Amino acid sequence: MATPKPTVRKKSLGKRILKDLATNKYNYLLLLPAILYYVVFHYFPMYGAQIAFRDFYITKGILGSKWVGWKHFQTFFNSFYFGRLVRNTVLLSGYNIIFGFPAPIILALLLNEVRNQAFKRTVQTVTYLPHFISLVVSCGIVISFCRLNGLFNDIVAFFGKERILFLEKKEYFRTIYIASGIWQEVGWGSIIYLSAISAIDMQLYEAARIDGANRFQEAFHITIPGILPTIVILLILRVGRLMSLGYEKVLLLYNDSTRETADIISTYVYTRGIQKGEYSFAAAVDLFNSVINMVLLLSVNWISKKVQGSGLF
Amino acid sequence: MIKRSKGEIAFNIFNILFLTFLSIICLYPIYHVLMASLSESGPLLAHQGLLLWPAGFSWSSYRVIMNYPGIWTGYGNTLFIVLFGTCFSLLITTMAAYPLSRQGFPARNFFMLAITFTMIFNGGLIPRFLVIRDVGLYDSIFSLIIPVTINTTNLIIVRTAFAAIPPSLEESAKIDGANDLIIYARIIVPLAKATLAVIALYYGVAYWNSWFTASIYLRTRTKFPLQLILREILIANDNNQAGTDTELMSEGIKYAAIIVSTIPILCVYPFLQKYFVKGVMIGAVKE
């Protein structure tokens, strides 16, 4: 029984809303906490983002603080940090996609070629394991292993090279960030591709075998094309989030000597805004990032609709 | 039996070797941490390279970590956050997902649009920080729960699951005189149990892992969750609040802290794995 549509007769908007509230009272009741949540914790901050255009003081409140227009944005664009932060964000995120994105696909393809099911399941269970370690702990392990007497340096020394404080060297930061990310997520990331592979029609493989295809040809002409739509969608998602890179891991791993390559826009917002209390300036930097992010996401979605016929929203 | 060419056999061997190597790389760091935590501090410091068994067996690192100030309150706080937070999030998410999944609810498209928009654009860290402070959550353990009650992706997954329940079930309940609240609690939620189990796990893991919000909003040490205490122990290079006693901590003690905090997860992991895997699939359907 579908709820009856509002009557066609023209009523005033107020009356129509009241009628809708009456017929759907339980629906609204159930939705109420969520509405409150989204209004308070998502839409209030959007309203509050206007402090980026003001000289905000807590004592004066948002509307009481002086309107200064683009001042904070200009300060940011003209500052020494602007180029460095954008470059670091794009490079860290970009390298992360270039190296981190194909890794689970390759793992899924290799796992798919394993005929021994027990071995396959063991590899899967073991490679999923790091995903369940919390970020603080995995970064703690990385830091311990990178010490002068840590495991990585023991390996370096074994090959006759000199021990290095990896986390103090700015040229190693991105490598450490990306490699530890692959370690933690490669197995987990492969699940989605394995499920896409399992959805491929087995008849295609049978037909290929009858035509004399070997396993490499099967992989290149059936498996990879079969999971290509999944790959494309996930890649689009990743590119759309290029600028919204997780800053929690950077905060855990970086230090003063690696800041030159490690500091990204979101960590800069944190240090200037939360730690130094420059609310308006940090909000301006963050707003700049949010807008770029939105534009990127919407354009990537548009491309996806053109190419695939379907987008994310 | 299919004949295998030499190339395929060579590939098989390479493949098995490579996957074995990868598994070792994934597992060894955890094993290394476990062995190091059971070592004596002197021999551990002198030891080089792979650690296949403890360097001089000793429980002393564990004794130190068990007496570390904050570790047990941290555990207690995290337990509360995970249990209460997961239940609360699940309740609010399912309550919202039900009306949003119903064809007959005219306002649902408007609300879905408003909710999806928050995934595309957000006000940013600072305005959010100010709002959370203004609503009085500063230095309250609920600042780790209330502001992250709903994860929009989870909400969409639950909504999709609810929408897949045949409307005929609702209709027959309505004829029997049930109102929407009863249908939600007695029919919709029980029927989507499998999906909700997955979502509960997602929420639980997110609450377990969260440390950043805690580091911003909490000031009183007795309210700190476990991850924040761990950061203090493990990540001494923190330039703003490096504790003096953390500098003195030996590696073995840090490793013991890792084991103590990770054991619960690693123990339940094999049993929960299949649910997680299922969750990835559900998410994939959505996308």
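Calculation criteria
Residues numbered from 1 in each chain as written. Chains lettered and ligands numbered in written order. Predicted model: local features only at pLDDT ≥ 70, side-chain atom pairs only at ≥ 80, totals over all residues. Helix = DSSP H or I, 4+ residues; strand = E, 2+ residues; numbered from the N terminus. Buried ≥ 20, exposed ≤ 12 C-beta atoms within 10 Å, placed from the backbone. Contact = placed C-beta atoms within 7 Å. Rg over C-alpha atoms; globule rule 2.2 N^0.38 Å. Axes fitted to C-alpha atoms, helices over the stretch in contact; angles between N-to-C directions. Parallel < 35°, antiparallel > 145°, perpendicular 65-115°, else oblique. Left-handed = near helix turned anticlockwise from the far one by under 90°. Domains from an automatic or database assignment. Nonpolar A, V, L, I, M, F, W, Y, C, P; charged D, E, K, R; others polar. Core = buried A, V, L, I, M, F, W, Y, C linked by C-beta atoms within 7 Å. pLDDT = per-residue confidence, 0-100.

What to know about the overall build of chain A
Part 1: Along its length, chain A carries 16 helices and 2 strands.
Part 2: Split into buried and exposed, the 313 residues of chain A put 35% on the buried side.
Part 3: Of all intrachain contacts in chain A linking residues separated by at least 6 positions in sequence, the fraction that spans at least 24 positions is 62%.

Describing the overall build of chain B
Part 1: The helix and strand inventory of chain B stands at 14 helices and 0 strands.
Part 2: In sequence order, the secondary structure elements of chain B are arranged as α-α-α-α-α-α-α-α-α-α-α-α-α-α.
Part 3: The C-alpha atoms of chain B give 25 Å as radius of gyration, which overshoots the globular expectation for 287 residues (19 Å, by more than 25%).
Part 4: Put simply, chain B has 287 residues, and 36% of those count as buried.

So, the packing of helix H7 (residues 117–128) of chain A against helix H1 (residues 6–37) of chain B
Part 1: For the pair H7 of chain A and H1 of chain B, the least separation of the axes is 8 Å and the interaxial angle reads 30°. What the angle tells us is that H7 of chain A and H1 of chain B run roughly parallel. The way H7 of chain A lies across H1 of chain B gives a crossing that is left-handed. Where H7 of chain A abuts H1 of chain B, its residues Val-123, Val-126 and Thr-127 of chain A lie against Leu-19, Leu-22, Ser-23, Cys-26 and Leu-27 of chain B.

Describing the domain arrangement of chain B
How big an interface is tends to be expressed through the accessible area that disappears when the partners come together.
All names here are of chain B.
Part 1: Segmentation of chain B into domains returns domain 1 (6–58) and domain 2 (70–286).
Part 2: One C-alpha centre belongs to domain 1, the other to domain 2; they are set 34 Å apart.
Part 3: Between domain 1 and domain 2, the residue contacts involve 7 residues of the former and 7 residues of the latter.
Part 4: Elements that contribute at least two residues to the side of domain 1 that touches domain 2 include exactly H1 and helix H2 (41–46).

Points about the interface of chain A and chain B
Part 1: Tallying the contact residues gives 74 residues for chain A and 79 residues for chain B.
Part 2: Looking at which element gives the most residues to the side of chain A that touches chain B, the answer is helix H2 (residues 25–48) of chain A, with 15 residues.
Part 3: The residue inventory of the side of chain A that touches chain B, partitioned by class, reads 49 nonpolar, 18 polar and 7 charged.

Observations concerning the nonpolar core
Part 1: Core analysis: the largest hydrophobic core is formed by 129 residues, its most contacted members being Leu-253, Ala-283 and Val-285 of chain A together with Ala-96 of chain B.
Part 2: Both of domain 1 (6–58) and domain 2 (70–286) of chain B provide at least three residues apiece to this core.
Part 3: Dropping the residues within four chain positions of it, Ala-96 of chain B is found in contact with Leu-30, Leu-31 and Ala-34 of chain A together with Ile-150 and Leu-155 of chain B.

Some points on the environment of Ala-178 of chain B
Part 1: Structurally, Ala-178 of chain B is set in the loop between helix H8 (167–175) and helix H9 (180–191).
Part 2: Once residues lying within four places of it in the same chain are set aside, the contact partners of Ala-178 of chain B are Ala-173 and Ile-183 of chain B.

Quick word on helix H6 (residues 102–112) of chain A
Part 1: Along H6 of chain A, the residues classified as buried are Pro-104, Ile-105, Leu-107, Ala-108, Leu-110 and Leu-111 of chain A.
Part 2: Where H6 of chain A is buried, its residues meet H7, helix H10 (173–198) and helix H12 (215–240) of chain A together with H1 of chain B.

Some points on helix H11 (residues 202–210) of chain A
Part 1: Counting buried residues in H11 of chain A gives 0 out of 9 residues, a small share hidden from the surface.
Part 2: Gly-212 of chain A sits one or two positions beyond H11 of chain A and adopts a positive phi of about 90°.

Things to note about unusual backbone geometry
Part 1: Of note in this structure, Asp-139 of chain B is not a glycine but carries a positive phi near 60°.
Part 2: Within the secondary structure layout, Asp-139 of chain B lies in the loop between helix H6 (125–134) and helix H7 (152–163).

So, the environment of Leu-252 of chain A
Part 1: Considering the arrangement of structural elements, one finds Leu-252 of chain A in helix H13 (residues 247–253).
Part 2: For Leu-252 of chain A, a count of 21 C-beta atoms within 10 Å puts it in the buried group.
Part 3: Measuring from C-alpha to C-alpha, the distance between Leu-252 of chain A and Gly-277 of chain A comes to 20 Å, with 25 residues separating the pair along the chain.
Part 4: For Leu-252 of chain A, the residues in contact, after removing those within four places along its chain, are Leu-135, Val-136 and Cys-139 of chain A together with Ile-235 of chain B.

Side note on the packing of helix H4 (residues 71–100) of chain B against helix H10 (residues 193–209) of chain B
Residues and elements named next belong to chain B.
Part 1: At a minimum axis distance of 9 Å, the contact between H4 and H10 shows a crossing angle of 140°. One way to sum up the angle between H4 and H10 is to call them oblique. The chirality of how H4 crosses H10 is right-handed. In this structure, H4 contributes Thr-78, Ile-81, Val-82, Gly-85, Thr-86, Ser-89, Leu-90, Thr-93 and Thr-94 to the contact, and H10 contributes Leu-196, Ile-199, Ala-200, Tyr-203, Gly-204, Tyr-207 and Trp-208.
Part 2: For the contact of H4 with H10, a count of residues per class yields 9 nonpolar, 7 polar and no charged.

With respect to the environment of Asn-153 of chain A
Residues and elements named next belong to chain A.
Part 1: Assignment of secondary structure puts Asn-153 in helix H9 (residues 151–158).
Part 2: Remark: the alpha-carbon pair of Asn-153 and Arg-121, spanning 32 residues in sequence, is separated by 33 Å.
Part 3: Among all residues touching Asn-153, those that are not within four sequence positions of it are Arg-147, Leu-148, Arg-163 and Ile-164.

Notes on the confidence of the model for chain B
Residue and element names in this part refer to chain B.
Part 1: Of all residues in chain B, 91% attain a pLDDT of 70 or more, and the chain-wide mean is 85.
Part 2: When pLDDT is averaged over each element of chain B, H4 comes out on top at 94 and helix H13 (residues 244–247) at the bottom at 44.
Part 3: Low pLDDT, under 50, characterises residues 237–247; the stretch is placed with 10 contacts to residues that sit more than four places away or in other chains.
Part 4: Both confidence scores are given for the complex: pTM 0.87, ipTM 0.87.

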